[in-house]
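Chain residues, written in single-letter form:
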Amino acid sequence: MAYQRPLELCTACRQIFAEAGCGGLCRSCAPVQMQQRRQREAPELGAACIRLFQALARRAGDGELEALEQLAFLQDSLQMQLGAAVAGYRDGHGYSWADIGRVLGVTRQAAHKRFGRATTAPAHPGRGL
Ligand SMILES: [Zn+2]
């Protein structure tokens, strides 16, 4: 007789399921729970980054040149990561400039001006169209 997986009770929706998603959740609830967990984690990750930046800033304030160098590098890196994230929202997920501006607390025009593609702006402002 072939082995049959025992039925389980989903810990979220309390329905019986045969095919597991993960962690005691059915295949419907698992992705929703994962998304909710990721939304909770984002502010925690941001807070952890701020604590690290503050530690570097304290060291820079104490005269540690390597810490100052790292802060400058992180500033550049953060700008690049932010640009890549916005491009991902625009290209991969179809968010509008208004959506992105709303999240960043600026107008859609300001969001576009800051993160719009370089190809949409003249390479040499003031030197033609
Ligand atoms: Zn479920």
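Residues numbered from 1 in each chain as written. Predicted model: local features only at pLDDT ≥ 70, side-chain atom pairs only at ≥ 80, totals over all residues.

## Some points on the overall build of the chain
The number of helices and strands found in the chain is four helices and two strands. When each of the 129 residues of the chain is scored for burial, the buried share is 5%. Here the analysis covers contacts within the chain between residues at least 6 apart in sequence; of these, 4% occur between residues at least 24 apart. (Helix = DSSP H or I, 4+ residues; strand = E, 2+ residues; numbered from the N terminus. Buried ≥ 20, exposed ≤ 12 C-beta atoms within 10 Å, placed from the backbone. Contact = placed C-beta atoms within 7 Å.)

## Things to note about the confidence of the model for the chain
Residues with a pLDDT of 70 or more make up 85% of the chain, whose mean pLDDT is 86. Summarising per-element confidence for the chain, the mean pLDDT is lowest in strand 2 (residues 16-17) (84) and highest in helix 4 (residues 108-115) (95). Per-residue pLDDT stays below 50 along residues 118-129; that stretch engages in four contacts with residues further than four places along the chain or on separate chains. (pLDDT = per-residue confidence, 0-100.)

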